[in-house]
Amino acid sequence: MDKAGRLEKGDGSKVPVPVGANRGISIIDLILRLVGIAGTLGAAIAMGTNEQTLPFFTRFVRFNAQYDDFRSFRLFVIVNAILAAYFVLTIPLSIVHIMRSAARGSRILLIILDTIMLALLTAGASAAASIVYLAHNGNSSTNWLPVCQQYGDFCQGASGSLIGSFGGIVMLILTILLGAIALSRQARRVL
């Protein structure tokens, strides 16, 4: 039978997949989760300890900027702490996937939970990014002046913590894609 005839019957999609291929994907998934822990935990700690005090005319009157002055920054710290804990709690499942490459139910569960956590982390990071943008650039139509000229260290700390959080977003996207690839390879092997 020629190649076109096999494709019409559906035989062309049954490409043999090496047995150890999903193990490699599971190892990469574990590494991405460890990097995600570092990114989200680092972002939560950096934002949670972000503070700067400026003296006014005298030593007794001071202006203080802390992360908890902004609700968006509070949300950011809470969401990043939740994600760091989530990454820690899902490491055992990643280890199970390394040992048992054929686990389907737990992979589906991880993809669903990763997608939910991706939405949560994206919301928290976007809310904080909007405040950091206003702090750097201000808004002339509402007469909000940029405050990063006075609170430079506070703004640098907030901007740096955003990098860790957006790194966690990238790690979640990659783990979702790797989980989907592993599931599709298992489906080919079953057929």
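Here, every reference points to the structure presented above.
Let me begin by describing the structure that accompanies this report. (Residues numbered from 1 in each chain as written. Predicted model: local features only at pLDDT ≥ 70, side-chain atom pairs only at ≥ 80, totals over all residues. Heavy atoms only, no water.)

## Observations concerning the overall build of the chain
Of regular secondary structure, the chain possesses five helices and two strands. Looking at the chain as a whole, 38% of its 191 residues are labelled buried. Partitioning the contacts of the chain with sequence separation of at least 6, the portion at a separation of at least 24 is 78%. Surface summary for the chain: the accessible area is close to 11,000 Å², and the carbon and sulfur share equals 68%. (Helix = DSSP H or I, 4+ residues; strand = E, 2+ residues; numbered from the N terminus. Buried < 20%, exposed > 50% of the residue type's maximum accessible area, 1.4 Å probe, protein only. Contact = heavy atoms within 4.5 Å. Areas by Shrake-Rupley, 256 points an atom, 1.4 Å probe, with all protein chains shown as cover.)

## Observations regarding the environment of Gly152
Mapped onto the elements of the fold, Gly152 is located in helix H5 (residues 152-190). In sequence terms Gly152 and Ala135 are 17 residues apart; their C-alpha atoms lie 9.8 Å from each other.

## Considerations on the packing of helix H3 (residues 71-99) against helix H4 (residues 105-137)
The N-to-C vectors of H3 and H4 enclose an angle of 160°; their axes lie 9 Å apart at closest approach. When the interaxial angle is binned, H3 and H4 end up roughly antiparallel. Of the two possible hands of crossing, H3 and H4 adopt the one that is left-handed. (Axes fitted to C-alpha atoms, helices over the stretch in contact; angles between N-to-C directions. Parallel < 35°, antiparallel > 145°, perpendicular 65-115°, else oblique. Left-handed = near helix turned anticlockwise from the far one by under 90°.)

## Considering the environment of Leu134
Within the secondary structure, Leu134 sits in helix H4. Judged by relative accessible area, Leu134 falls into the partly exposed class, the value being 25%. Through-space distance from the C-alpha of Leu134 to that of Trp144 is 7.9 Å; in sequence the pair is ten residues apart. Leave out the neighbours within four places in its chain, and Leu134 touches Asn139, Trp144 and Pro146.

## With respect to the nonpolar core
Counting residues in hydrophobic clusters, the biggest one holds 29 residues, and the most contacted among them are Phe73, Phe76, Leu83 and Leu172. Among the secondary structure elements, those contributing two or more residues to this core are helix H2 (21-48), H3, H4 and H5. Ranked by residue count, the leading element in this core is H3, at nine residues. When neighbours within four sequence positions are excluded, Leu172 is seen to be in contact with Leu83, Phe87, Asp114, Met117, Leu118 and Leu121. (Core = buried A, V, L, I, M, F, W, Y, C linked by side-chain atoms within 4.5 Å.)

## Here we look at the packing of aromatic side chains
If you walk through the whole model with that rule in mind, you get one aromatic pair. Ring plane angle 50° and centroid distance 6.1 Å describe the contact between Tyr86 and Phe87, whose orientation is recorded as tilted. On the accessibility criterion, Tyr86 (9% relative accessible area) is buried. Classification of Phe87 as buried rests on a relative accessible area of 0%. (Phe/Tyr/Trp six-rings, centres within 6.5 Å; stacked < 30°, edge-to-face > 60°.)

## Quick notes on H4
Over its 33 residues, H4 runs 47 Å from end to end, which matches the ideal 48 Å to within 8%, given 1.5 Å per residue. Looking one or two places after H4, you find Gly138, whose phi comes out positive at around 70°. (Expected span 1.5 Å × (residues − 1).)

## Here we look at the pattern of salt bridges
Applying the stated rule across the entire model yields two salt bridges. Put simply, Arg33 and Asp29 hold a salt bridge, and the shortest N to O gap is 3.1 Å. On the criterion of helical spacing, the pair formed by Arg33 and Asp29 is a turn pair, its members being four residues apart in helix H2. Here Arg33 and Asp29 have matching classes, each one buried. Linking Arg33 and Asp114 is a salt bridge whose minimum nitrogen-to-oxygen distance equals 2.7 Å. Here Asp114 lies in helix H4 and Arg33 lies in helix H2, a separation of 81 residues in the sequence. Given a relative accessible area of 1%, Asp114 falls into the buried group. (Salt bridge = Lys/Arg side-chain N within 4 Å of Asp/Glu carboxyl O.)

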